Amino acid sequence: MENQNLNLLDRALGLDGPSEPWPLSGRVVLIEDCVETSGSFVLHQLVKRSLSPTSSNVIIFVAFANPFSHYDRILRKLGCNLVTQRDNKRFIFFDMLMLRCPDVDEGKSSEGGLVLLYEKILKTICGLPGDKKDYVTIMIDDISLVEVAANGGSDYVLDFLHYCHALTSEFDCSLITLNHEDIYSSMERPTLILQMEYLADILIKAEPLSTGLATDVHGQLTVLNKGTSHRLGRSGNKIHNFHYKVKENTVEYFYPGSRV
Amino acid sequence: MADTICRTLRDGGLEGEHAPALTIKDSKASPFGFDVFNYVLTQLSNHILAGKSQSRGLVVVAYSRSPSFYVDLLKRRGIDIASSHDWIHILDCYTDPLGWKNRLIDKDISQEASSLSSFCQDVRNLDKLYSLIIEQGKGLIGQGKDRFSIAIDLVSEMVRHASISSVAGILSNLRSHDQVSSIFWLLHSDLHEIKFTSVLEYLSSMVASVEPFNQAAFGQRVDLENLSMLEQNFRKGKFHVRFKRRNGRVRVMCEEILVELAGIKFTPVLSEDEIINQRLLPKVQFNLQLSEEERNERAKVVLPFEHQGNGKPIQIYDGRRSLGENKEEALVSTGKLQPDEDSGKGQIIYFRDSDDEMPDSDEDPDDDLDI
């Protein structure tokens with residue numbers, strides 16, 4: 001970690017410390033975004049950091065939104081070769097774009113599909129060599145599409161997320177998910193996203209500026225680090241807020257008003 | 001005040017009475033409910049270990065955290081349950097609540113259960129869950145008249161897998177079981193309809209709600225102005241507790257919460273108690289309070305049957321005539337006062353046993369009734 005250029009997001013997540021133990025071990029991260037400010041760049045940044053040469057992380061990437069080539073292209077620009085990492089068994093890609101359950105019974109098949117996905121993740125983790133088993137990061141892009149794949153069965157999605165949460169405490173792995181806040185904003189009680197916020201230890205929110213659009217600033221990130229009790233003891237609750245600008249090969253993070 | 005809650009749970013319920021039940025509720029704006037739950041859990045555990053509580057054991061129904069989390073939590077608070085746990089049992093509804101894991105992997109994970117925890121692999125079956133809780137509780141306290149306490153870490157999770165009425169049913173049954181000394185649970189109020197929260201509040205003898213320190217900051221887009229309020233909300237909160245007394249009287253208290261590295265801290269509210277009490281008085285069209293002058297007048301009123309002790313004859317105020325020469329009320333006088341009316345026939349000797357009780361006194365005058 002010391003060799004790399006650490007930005008404000010890294011610092012907010014505690015990635016500026018020693019890379020062993022991985023600061024996100026055993027923790028659940030939720031990235032919330034909306035149409036005006038997509039949060040995928042945060043996910044890409046976390047992929048890059050997880051796969052840094054100084055860490056031993058293995059990523060299980062569950063992709064409902066885009067194919068492998070999409071992530072490969074983007075991460076290449078950020079300086080990370082996903083093909084190599086995939087070959088090195090550090091980046092395990094689950095292509096879920098075609099998740100459709102062919103069974104007749106609609107209700108059961110939605111749950112069944114998610115049970116199978118959970119089984120796949122569990123078996124992958126258990127099948128890793130001993131030294132890699134403690135450094136798994138599960139990433140899901142994104143939860144709203146998991147809900148679509150489950151035919152709107154948000155209860156099944158919550159059950160699935162619960163089991164993934166149980167994996168974080170059993171194997172000390174991290175769970176990083178992305179969801180779109182504005183999809184649920186019209187609901188009276190947006191249970192799915194609220195439940196996810198309760199589950200999350202770290203909440204990263206990408207939203208527009210309260211002052212509206214700007215050319216130099218694409219949006220603001222608010223990082224709520226709950227500092228929940230985990231095996232390392234308890235760290236204090238911290239909140240960080242800064243602006244960002246997404247560029248071709250990088251993302252710039254800066255405090256409001258610090259850009260010349 | 002959080003200590004009042006813990007003391008009530010520690011003291012348990014009387015014979016033939018429902019166990020005291022505590023609902024801890026929070027919301028996204030102030031998500032410290034779990035910290036409060038852990039605080040109460042730790043305090044009750046300490047009381048049980050010290051032999052100061054009515055209950056001799058504790059069953060923790062864990063939906064949102066693994067048993068190892070609670071082992072670590074209590075260990076950090078100086079209670080080592082890994083080595084000595086004949087007083088506590090954790091019912092694990094977290095690891096495999098729907099039996100997915102059990103179906104998938106070859107080994108039977110229920111074999112991994114230890115004497116400290118056991119698995120519940122079908123949280124949809126609340127009857128089975130009820131039996132498991134009672135069975136584990138009885139296993140802790142053995143035969144005899146001892147009792148045990150129950151802690152449910154997330155009722156919000158419980159109601160995801162069962163109907164509101166069945167959850168209310170199991171909580172009510174647990175509360176009324178004669179071997180249950182006290183019970184407490186946590187819920188996230190913004191995940192449910194008001195109906196469900198109300199049902200649980202109705203079932204509880206104490207409702208503790210965690211509220212945001214700055215109400216206005218919640219729900220808005222972050223900017224420089226509300227960022228500091230958000231930061232405050234992230235470390236501090238308000239703690240309101242509503243106690244339901246046996247006689248039906250309700251008492252509300254308020255404290256402030258500070259979430260620190262070491263855990264949660266409760267501090268008294270900075271403003272005066274009177275201000276809070278005044279805000280709690282219902283808004284009605286008549287005046288419920290006394291002014292200074294009225295207070296003085298009230299102090300001067302001579303109570304009936306009270307012995308004046310000043311040599312004057314006892315004047316019994318029968319409501320139809322004025323008390324003394326000083327009174328200027330125009331009351332109809334229908335006859336002479338007969339000070340010696342009762343002599344020879346009987347006497348009323350009145351001893352005032354206590355001074356006038358102020359409205360928010362801690363003592364419940366009906367507590368010594370043996371109903």
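Residues numbered from 1 in each chain as written. Chains lettered and ligands numbered in written order. Predicted model: local features only at pLDDT ≥ 70, side-chain atom pairs only at ≥ 80, totals over all residues. Heavy atoms only, no water.

K.L.:
How should I be thinking about the overall build of chain B in this particular structure?
P.N.:
The number of helices and strands found in chain B is eleven helices and ten strands. The proportion of buried residues among the 371 residues of chain B is 44%. For chain B, restricting intrachain contacts to residue pairs at least 6 apart in sequence, the fraction spanning at least 24 positions comes to 71%. For chain B, the accessible area works out to roughly 21,000 Å², and carbon and sulfur atoms hold 49% of it. (Helix = DSSP H or I, 4+ residues; strand = E, 2+ residues; numbered from the N terminus. Buried < 20%, exposed > 50% of the residue type's maximum accessible area, 1.4 Å probe, protein only. Contact = heavy atoms within 4.5 Å. Areas by Shrake-Rupley, 256 points an atom, 1.4 Å probe, with all protein chains shown as cover.)

K.L.:
Honestly, the interface of chain B and chain A in this entry has me stumped. Any pointers?
P.N.:
Note: interface size is frequently given as the accessible area lost on complex formation between the parts. Contact residues are listed per partner, giving 43 residues for chain B and 43 residues for chain A. Between chain B and chain A, the buried area comes to about 3,900 Å², and carbon and sulfur atoms account for 59% of it. For chain B, the biggest contributors to the area lost against chain A are Trp100, Arg160 and Phe234 of chain B; these three give 22% of the whole. Summed over the shared surface of chain B and chain A, the number is six salt bridges. Asp155 of chain A serves as the salt-bridge partner of Arg160 of chain B, at 3.6 Å between the closest nitrogen and oxygen. The tally of links between chain B and chain A comes to 14 residue pairs in polar contact (both at pLDDT 80 or more). (Buried area = accessible area lost by both parts, 1.4 Å probe. Salt bridge = Lys/Arg side-chain N within 4 Å of Asp/Glu carboxyl O. Polar contact = N/O pair within 3.5 Å; in protein donor to acceptor, adjacent residues only side chain to side chain.)

K.L.:
What should I look at first to understand the packing of helix α5 (residues 126–141) of chain B against helix α7 (residues 164–176) of chain B in this one?
P.N.:
For any two helices packed against each other, the geometry is given by the interaxial angle and the distance between the axes. All names here are of chain B. Two elements in contact, α5 and α7, have axes separated by 10 Å at closest approach and are oriented at 20 degrees. Compared by their axis directions, α5 and α7 come out roughly parallel. Crossing hand, α5 versus α7: right-handed. Between α5 and α7, the contacting residues are Leu126, Leu129, Tyr130, Ile133 and Ile134 on the first element and Ser166, Val167, Ile170, Asn173 and Leu174 on the second. (Axes fitted to C-alpha atoms, helices over the stretch in contact; angles between N-to-C directions. Parallel < 35°, antiparallel > 145°, perpendicular 65-115°, else oblique. Left-handed = near helix turned anticlockwise from the far one by under 90°.)

K.L.:
Just to check I follow, could you spell out unusual backbone geometry for this structure?
P.N.:
Trans peptide bonds make up most of the peptide bonds, and negative phi angles are found at most residues other than glycine. Residue and element names in this part refer to chain A. Each neighbour pair has its own omega, and for Asp141 with Asp142 the value is -10 degrees, a cis peptide bond. With respect to the secondary-structure elements, Asp142 resides in the loop between β4 (136–141) and α6 (143–149). Positive phi, close to 60 degrees, is recorded for Lys89, a residue that is not glycine. Locating Lys89 in the fold gives a position in the loop between α4 (82–87) and β3 (91–95).

K.L.:
Explanation requested: helix α8 (residues 194–203) of chain B in the structure shown.
P.N.:
Along an α-helix, residues three or four apart share an orientation, since each turn contains 3.6 residues. Residue and element names in this part refer to chain B. When α8 is considered as a whole, its buried residues turn out to be Phe196, Thr197, Leu200, Glu201 and Leu203. The buried residues of α8 occupy one face: seen down the axis, they fall within an arc of 160 degrees. Away from the buried face of α8 by more than 90 degrees, exposed residues Ile194, Lys195 and Tyr202 are located. Those residues of α8 that are buried lie in contact with β1 (21–26), α6 (155–158), α7, β6 (180–188), β7 (206–212) and β8 (236–244). (Arc of directions from axis to C-beta.)

K.L.:
Looking at this structure, how should I read the sheet that holds strand β3 (residues 88–92) of chain B?
P.N.:
Neighbouring strands of a sheet are bound in pairs by backbone hydrogen bonds; such pairs are parallel or else antiparallel. Residue and element names in this part refer to chain B. Spatially, ten strands are ordered β4-β3-β2-β5-β6-β1-β7-β8-β9-β10 in an open sheet, and the strand pairing comes out mixed. Unpaired on one side and paired on the other, β4 (117–119) and β10 (263–268) mark the two borders of the sheet. Strand-to-strand twist of the sheet, defined as the mean angle between neighbouring strand axes without regard to direction, takes the value 20 degrees. With respect to the sheet, α5 is in contact with β2 (55–62), β3, β4 and β5 (147–152), its orientation differing from that of β2 by roughly 145 degrees. (Pairing = 2+ DSSP bridges.)

K.L.:
Explanation requested: the sheet that holds strand β6 (residues 202–207) of chain A in the structure shown.
P.N.:
All names here are of chain A. Sheet architecture is open: nine strands sit in the order β3-β2-β4-β5-β1-β6-β7-β8-β9, paired in mixed fashion. Of all strands in the sheet, those bounded by a partner on one side alone are β3 and β9 (251–254). On average, each strand axis in the sheet is tilted by 20 degrees relative to the strand beside it, whichever way the strands run. As judged from the four bridges shared by strand β1 (residues 28–33) and β6, these two strands associate in the parallel manner. Opposite Glu32, over in β6, you have Lys205 as the bridge partner. Packed on one face of the sheet, helix α2 (residues 40–50) meets β1, β2 (58–63), β3, β4, β5 (174–180), β6, β7 (219–225), β8 (238–246) and β9 and runs near 160 degrees to β4.

K.L.:
Would you take a moment to explain the environment of Phe68 of chain A for this structure?
P.N.:
All names here are of chain A. Relative to the helices and strands, Phe68 is located in helix α3 (residues 68–77). Phe68 sits in the buried class, given a relative accessible area of 13%. The spatial distance from the C-alpha of Phe68 to the C-alpha of Phe93 is 7.3 Å, given a sequence separation of 25 residues. Among residues more than four places away in sequence, those in contact with Phe68 are Leu82, Val83, Arg86, Phe91 and Phe93.

Geometric values such as these leave the question of function open.
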